[in-house]
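Understanding the architecture of this molecule
Here is how the chains run, residue by residue.
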Amino acid sequence: MKKLILSLSAAIMIITCSCGQKEKADLVIINGKVLTIDDKNPVSEAVAVKGELIMAVGTTRKISEYIEKETTKVIDAGGRLVLPGFNDAHVHFGPLDPDYIELRYTTDPSVITEKVKAQVSRSKPGELIKGGHWEHEMFTDKRWPTKDLIDKVSPNNPVILSRADGHSILVNTFVLKASGITKNSIDPFGGEIQKDPVTGEPTGILKENAESLIITGEVKPERTAEEESARLWQGYLLAIKEARELGVTSIQVPGNGDFETYEKLRKEGLLTSRIDIGKSLTADTLVLKNYIEIANKYPKDGNWIRFGYLKAFIDGTIGSGTALMFEPFTDNPKTSGLAMMPYDEFENMVVTADKYGFQIGVHSIGDKGNNWTLNAFEKAQKVNGKRDSRHRDEHTQTLLASDIPRFAQLGVIASMQPTHCISDKRFCEKRIGAERAKGAYAWKSLADAGATIAFGTDYQVEPLNPMEGLYASVTRKDRLGETGEGWFPEQKIPMRDAIKYYTLGSAFAQFMEDRKGMIKSGYLADIVITDKDLLTISENEIMKTKVDYTITGGKVVYASGK
Ligand SMILES: [Zn+2]
């Protein structure tokens, strides 16, 4: 409670300042289009910030009174959109590999050549060069890349660059040779060695199971323990940098994470996104008691590093045909998916952890998986009594129509990742059929039934960029901007709602809606300014929208320079 009392007393000070002059702000944003997500004051122009908190929201004229010429930092938004910072409610956040070549959004394939060349120059001969997230549909020529792009710059190093979906890779001749893959090699079951239609030579593209043929012949780099830990540290810094550049000021990690490293980062002033980290769901009361100790160390009334929720998996995925369904898969009637544990065992875990007061989040994909999750949460209410538990259904991918109203009834949060919809829709309908697909990624039906929705990405399965999630939720179209109305267009939502689920909805899911998720006096000053007006631009501009400023806790942690 300490922080809240402090902020309250700060607010009282502002009101009661008897000198006739307003207290001055540390930071002021003027001339913006401030989408506050506060229903009482939906749109405004300007924001004043003092320390970590928002002091006031109002017109540019009113907020300008908080400017002290010498000391107040003033950002002229120049009409740009000002939003609460994005809060990613489901993100597998952690250290990145500093040497990984990031190729997402590459449109010019020659960029791949340049990036590989640069990485080879930093590596010793024989060391593996890794990278990925390229998508040839985004290349200007839309053609599959070939080994010719990388062979000349990597004669003595194995190179593996995976496609955005992780289902195909591009390798160089070094790897093909080490693996013994030639024009005479036969495709393995469930895989393809792509070959040049004219010469019959392998192009360097290996699809699905063909990836298992790879022998890299790599020479492992020799590193001391100190070098390894420096690398890991570097990896954390890279991940945090990516988050702030994308305007993600809050991160909720499903399951485990290294509390101590984040604490160290925070102490050194390097943590620019707030983070919640959880633990795995269990019915073991000794372990639960240990969790309570950790939760006391990183309490819910903290604002930076907090203990989140207990995570479990009830089933698998639609893509791999392991989501738990009531009826068999349409394209594989032999199976209706897999439960990760028997229902009774799962229910016992939920009821036990609920009794100890924990918030619980369950990965639930299939209609039966989701049904089980709701049943277990309902049981916990019956056994332990109803409380403000805010248990979470992570993904909420396929629902029985009759389960949709239960979210509001039970107070269960639908924690959804909109980009899964536009990535999975290619195969979702094939797997489960059109009828069941009506209840898939059904955020509009959930919202209409009064459910609280929190948005996130499931990074690194999907990109961390919130613009992709916003695009997915308002269009339900693929990333190439397909024509038509989108996939099950009745589930599309307005941009304003999508932003709300990505800010206030996510804050509610972590018990922080009293101080985060809105641009409102007394709230934490987590704010982004975007270069385009998401509320008025055309669909194909949404994913091109960039963040110009990220402010976390009143500090400008990223500025694009524009
Ligand atoms: Zn996940």
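Residues numbered from 1 in each chain as written. Predicted model: local features only at pLDDT ≥ 70, side-chain atom pairs only at ≥ 80, totals over all residues. Heavy atoms only, no water.

This paragraph deals with the coordination of the zinc ion. Note on metal sites: the ideal angle is 109.5 degrees for four tetrahedral donors, and 90 or 180 degrees for six octahedral donors. For the zinc ion, every protein donor is listed as His-90 (NE2), His-92 (NE2) and Asp-458 (OD), and the spread of their distances is 2.1 to 2.2 Å. The sequence motif formed by the donor residues of the zinc ion is H-x1-H-x365-D. (Donors = N, O, S within 2.8 Å, 3.2 Å for Na, K, Ca; no water.)

Right, let's get into the packing of helix H6 (residues 225-245) against helix H7 (residues 259-267). Two numbers describe how H6 lies on H7: the axes approach to 12 Å, and their chain directions differ by 70°. Between H6 and H7, the angle is such that the two are roughly perpendicular. For the pair H6 and H7, contact is made by Trp-233, Tyr-236, Leu-237 and Ile-240 and by Thr-261, Tyr-262, Lys-264 and Leu-265, respectively. Here the contact of H6 with H7 is composed, by residue class, of six nonpolar, one polar and one charged. (Axes fitted to C-alpha atoms, helices over the stretch in contact; angles between N-to-C directions. Helix = DSSP H or I, 4+ residues; strand = E, 2+ residues; numbered from the N terminus. Parallel < 35°, antiparallel > 145°, perpendicular 65-115°, else oblique. Contact = heavy atoms within 4.5 Å. Nonpolar A, V, L, I, M, F, W, Y, C, P; charged D, E, K, R; others polar.)

The next point concerns the nonpolar core. Judged by nonpolar contacts, the single largest core of 115 residues is most densely connected at Phe-93, Leu-470 and Ile-527. When residues no more than four places from it in sequence are discounted, the contact partners of Leu-470 are Phe-86, Met-495, Ala-498, Ile-499, Tyr-502, Leu-534 and Ile-542. Among the nonpolar cores identified, the runner-up in size contains 15 residues, and Ile-112, Ile-129, Val-159 and Leu-170 belong to it. (Core = buried A, V, L, I, M, F, W, Y, C linked by side-chain atoms within 4.5 Å. Buried < 20%, exposed > 50% of the residue type's maximum accessible area, 1.4 Å probe, protein only.)

Turning next to H6. The end-to-end C-alpha distance of H6, which contains 21 residues, comes to 30 Å, matching closely the 30 Å that a straight helix rising 1.5 Å per residue would cover. Contact partners of the buried residues in H6: strand E15 (248-253), H7, strand E23 (547-552) and strand E24 (555-559). Taken from the residues just after H6, Gly-247 is the one with a positive phi, measuring 80°. (Expected span 1.5 Å × (residues − 1).)

Time to look at the pattern of salt bridges. This model, assessed by the stated rule, comprises 31 salt bridges. Here Arg-431 ties to Asp-331 by a salt bridge, and the two come within 2.8 Å at their closest N and O atoms. You can see Arg-431 sitting in helix H12 (residues 418-437) and its partner Asp-331 sitting in the loop between strand E17 (305-313) and helix H9 (343-355), a full 100 residues away along the chain. Here Arg-479 ties to Glu-462 by a salt bridge, and the two come within 2.8 Å at their closest N and O atoms. A residue pair is termed long-range when its members are at least 10 positions apart, and Arg-479 in the loop between helix H14 (466-475) and helix H15 (495-509) and Glu-462 in the loop between strand E21 (453-455) and H14 qualify at 17 residues. Given a relative accessible area of 5%, Glu-462 falls into the buried group. Taken together, the salt bridges that share partners define one network made up of Asp-97, Asp-99, Lys-130 and Arg-231. (Salt bridge = Lys/Arg side-chain N within 4 Å of Asp/Glu carboxyl O.)

This part takes up empty space enclosed by the protein. In this structure the tally under the stated criterion is three cavities of 30 Å³ or more. In this structure, the largest cavity encloses a volume near 60 Å³. Lining of the largest cavity is provided by Pro-84, Gly-85, Asn-87, Thr-249, Ser-250, Thr-503, Ala-507, Lys-516, Gly-517, Met-518, Leu-524 and Asp-526. Of the residues belonging to the lining of the largest cavity, the class tally is four nonpolar, six polar and two charged. (1 Å grid on protein atoms, 1.4 Å probe; cavity = no way out; pocket = protein on both sides within 12 Å on 5 of 7 lines; lining within 4 Å. Points joined across faces, edges and corners; volume = space filled by probe spheres on them.)

According to the stated counting rule, one finds 16 aromatic pairs in the structure shown. Centroid distance Phe-259 to Tyr-298: 4.5 Å. Interplanar angle 20°. Geometry classified as stacked. With a gap of 39 residues between them, Phe-259 in helix H7 and Tyr-298 in the loop between helix H8 (285-297) and E17 connect regions that are remote in the sequence. For the pair shown, Phe-259 and Tyr-298 are each scored as buried. Geometrically, the ring pair formed by Phe-455 and Tyr-502 is edge-to-face, given 6.4 Å between the ring centres and 80° between the ring planes. Of this pair, Phe-455 sits in strand E21 while Tyr-502 sits in helix H15, placing them 47 residues apart in sequence. Just as Phe-455 is buried, Tyr-502 falls in that class too. (Phe/Tyr/Trp six-rings, centres within 6.5 Å; stacked < 30°, edge-to-face > 60°.)

The next subject is the environment of Ser-280. Inspection of the secondary structure puts Ser-280 in strand E16 (residues 274-280). With near-sequence residues (within four places) excluded, Ser-280 lies in contact with Asn-256, Tyr-291, Leu-310 and Lys-311.

What follows is about the confidence of the model for the protein. Summarising the model, the protein shows a mean pLDDT of 94, and 96% of its residues fall at 70 or more. Overall, residues 1-19 carries pLDDT values under 50, and its contacts beyond four positions in sequence, including any with other chains, amount to nine contacts. (pLDDT = per-residue confidence, 0-100.)

Peptide bonds are, in most cases, trans, and in most cases residues other than glycine have a negative phi. In this structure, the amide linkage connecting Tyr-459 to the following residue, Gln-460, adopts the cis form with an omega of 10°. As for its placement among the helices and strands, Gln-460 is situated in the loop between E21 and H14. Although it is not a glycine, Tyr-105 adopts a positive phi angle of roughly 70°. Within the secondary structure, Tyr-105 sits in the loop between strand E9 (101-102) and helix H3 (110-121). Judged by its relative accessible area of 38%, Tyr-105 falls in the partly exposed class. Positioned with a positive phi, Arg-476 is a non-glycine residue whose angle comes to about 50°. Along the chain, the position of Arg-476 falls in the loop between H14 and H15. Exposure remark for Arg-476: the relative accessible area of 0% places this residue in the buried category.

Time to look at the pairing of strand E11 (residues 159-163). Counted residue by residue, E11 has five buried out of five residues, so it is predominantly covered. Bridge analysis of strand E10 (residues 129-134) against E11 gives five bridges, and the strand direction is parallel. When the bridges of E11 are listed, Lys-130 appears paired with Ile-160. Taken together, the three bridges between E11 and strand E12 (residues 168-171) define a ladder with antiparallel strand orientation. Note that in E12 the partner of Ser-162 across the bridge is Ile-169. Where E11 folds back onto E12 in an antiparallel hairpin, the turn is made up of four residues, including Gly-166, whose phi is positive at roughly 70°. (Pairing = 2+ DSSP bridges.)

To continue, consider the side chain of Lys-279. Turning to its location among the elements, Lys-279 is positioned in strand E16. The contact partners of Lys-279, leaving out residues within four places of it in the chain, are Gly-255, Asn-256, Phe-259, Tyr-291, Ile-294, Phe-307, Tyr-309, Leu-310 and Lys-311.

Attention shifts here to the sheet that holds strand E1 (residues 27-30). A sheet is described by the order of its strands in space; here four strands give the open sequence E5-E4-E1-E6, paired in mixed fashion. Single-partner strands in this sheet number two, and they are strand E5 (53-58) and strand E6 (73-76). With strand direction ignored, the average angle separating the axes of adjacent strands in the sheet is 15°.

Before going further, it helps to spend a moment on the environment of Gly-32. On the secondary structure map, Gly-32 appears in the loop between E1 and strand E2 (33-35). Here Gly-32 falls in the buried class, since its relative accessible area comes to 11%. C-alpha separation for the pair Gly-32 and Val-43, spaced 11 residues apart in sequence, amounts to 9.7 Å. Setting aside residues no more than four positions away along its own chain, Gly-32 makes contact with Ser-44, Glu-45, Ala-77, Gly-79, Arg-80 and Val-82.

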